[in-house]
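# Topology and contacts: notes
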Amino acid sequence: GESVGLHLPTLSVQEGDNSIINCAYSNSASDYFIWYKQESGKGPQFIIDIRSNMDKRQGQRVTVLLNKTVKHLSLQIAATQPGDSAVYFCAEIVTGGGSQGNLIFGKGTKLSVKP
Amino acid sequence: ETGVTQTPRHLVMGMTNKKSLKCEQHLGHNAMYWYKQSAKKPLELMFVYSLEERVENNSVPSRFSPECPNSSHLFLHLHTLQPEDSALYLCASSQARSYGYTFGSGTRLTVV
């Protein structure tokens, strides 16, 4: 069945270092992927997205990489800051072929940034 | 603010109570969703409304009853809940079913 999972439940990095958060997905029909950040007491917040016709997309300090061959998604955060401490979720959805898919979330990775 | 507002932020209710959660979006979206977030679990999709019509109910117990009176408002009516229903309930909206979702801050529900 459809599932989105994360390799590591927690990640601790030093302030200023780069962070890499990984995600595996199992539905090869998924064609749109989103990374969300959830801070304590808040709902998930959109960070960056990527469609399946791309393998890399860059935002401000964040980069998402998509490897469709191995069904792997990663989020790279450059120069990690204390404000980046949060739980990060990847999510997938099937949008093509007239499908009315729903956004399916992984379990989340908690990122802790040490000062 | 994300443009999706949920009230109340916190709710404590007894198992025999009836309460409602409210969600309002100011983004002009036409799809709205209820998700349940429990500790150490992925977000679980509960209900989907598209153009004010319920299009999905993911095997949610009948003690949860959604209502979507218009495209900007979504309610979740609660009655005779169980302690295991304690969780963060998140509302989201999207421009269309195939677009990314914008979430509210959630209602932290505790059933005692």
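Predicted model only: the values in this text are computed from it and were never measured.

### Digging into the nonpolar core
Trp 34, Phe 64, Leu 76 and Leu 78 of chain B are the most contacted members of the largest nonpolar core, which totals 22 residues. Among the elements of the structure, β2 (10-13), β3 (18-25), β4 (31-37), β5 (44-50), β7 (64-70), β8 (73-79), β9 (87-94) and β11 (107-111) of chain B are those that each provide at least two residues to this core.

### So, the interface of chain A and chain B
Where the parts come together, the accessible area they lose is often given as the size of the interface. Tallying the contact residues gives 19 residues for chain A and 18 residues for chain B. Both faces considered, chain A and chain B share a buried interface measuring about 1,500 Å² in area, 53% of it formed by carbon and sulfur atoms. Put simply, chain A and chain B have 0 salt bridges between them. Taken together, the connections running from chain A to chain B amount to 5 residue pairs in polar contact (both at pLDDT 80 or more). Those elements that place two or more of their residues in the side of chain A that touches chain B are β4 (32-38) and β9 (86-93) of chain A. A per-class count over the side of chain A that touches chain B returns 8 nonpolar, 8 polar and 3 charged.

### Here we look at the pairing of strand β3 (residues 19-25) of chain A
For a regular strand, the rule is simple: side chains alternate between the two faces of the sheet. Residues and elements named next belong to chain A. Covered by surrounding structure in β3 are Ser 19, Ile 21, Cys 23 and Tyr 25 only, the residues Ile 20, Asn 22 and Ala 24 on the alternate face being uncovered. Sheet topology note: the β3/strand β8 (residues 72-77) ladder contains 6 bridges and is antiparallel. The residue of β8 that forms the bridge with Asn 22 is Ser 74.

### So, the state of the cysteines
Residues and elements named next belong to chain A. Within the structure shown, the criterion is met by 2 disulfides over all chains. Two residues share a disulfide in this structure: Cys 23 and Cys 90, whose sulfurs sit 1.8 Å from each other. Taking the sign of the S-S torsion, about 55° here, the bridge from Cys 23 to Cys 90 comes out right-handed. On the criterion of sequence distance, the pair formed by Cys 23 in strand β3 and Cys 90 in strand β9 is long-range, its members being 67 residues apart.

### Focus on the packing of aromatic side chains
For the coordinates displayed, the defined rule picks out 11 aromatic pairs over all chains. Taking the centre distance of 6.4 Å and the plane angle of 55° together, the rings of Tyr 35 of chain B and Tyr 101 of chain B count as tilted. Of this pair, Tyr 35 of chain B sits in strand β4 while Tyr 101 of chain B is found in the loop between β9 and β10 (102-103), placing the two residues 66 residues apart along the sequence. You can call Tyr 35 of chain B buried: its relative accessible area is 0%. These aromatic residues form a ring-pair network of at least three members: Tyr 36, Phe 46, Phe 89 and Phe 105 of chain A together with Tyr 33, Tyr 35, Tyr 101 and Phe 103 of chain B.

### Let's talk about the sheet that holds strand β1 (residues 4-7) of chain B
Residues and elements named next belong to chain B. The strand order across the open sheet formed by 4 strands is β1-β3-β8-β7, and the pairing between neighbours is antiparallel. The open sheet is flanked by β1 and β7, the only strands paired with a single partner. Neighbour-to-neighbour, the strand axes of this sheet turn through a mean angle of 20°, independent of strand direction. Pairing between β1 and β3: 4 bridges, direction antiparallel. Residue pairing for β3: Thr 7 is matched across the bridge by Lys 22.

About the thresholds
Residues numbered from 1 in each chain as written. Chains lettered and ligands numbered in written order. Predicted model: local features only at pLDDT ≥ 70, side-chain atom pairs only at ≥ 80, totals over all residues. Heavy atoms only, no water. Core = buried A, V, L, I, M, F, W, Y, C linked by side-chain atoms within 4.5 Å. Buried < 20%, exposed > 50% of the residue type's maximum accessible area, 1.4 Å probe, protein only. Helix = DSSP H or I, 4+ residues; strand = E, 2+ residues; numbered from the N terminus. Contact = heavy atoms within 4.5 Å. Buried area = accessible area lost by both parts, 1.4 Å probe. Salt bridge = Lys/Arg side-chain N within 4 Å of Asp/Glu carboxyl O. Polar contact = N/O pair within 3.5 Å; in protein donor to acceptor, adjacent residues only side chain to side chain. Nonpolar A, V, L, I, M, F, W, Y, C, P; charged D, E, K, R; others polar. Pairing = 2+ DSSP bridges. Disulfide = S-S within 2.5 Å. Phe/Tyr/Trp six-rings, centres within 6.5 Å; stacked < 30°, edge-to-face > 60°. Axes fitted to C-alpha atoms, helices over the stretch in contact; angles between N-to-C directions.

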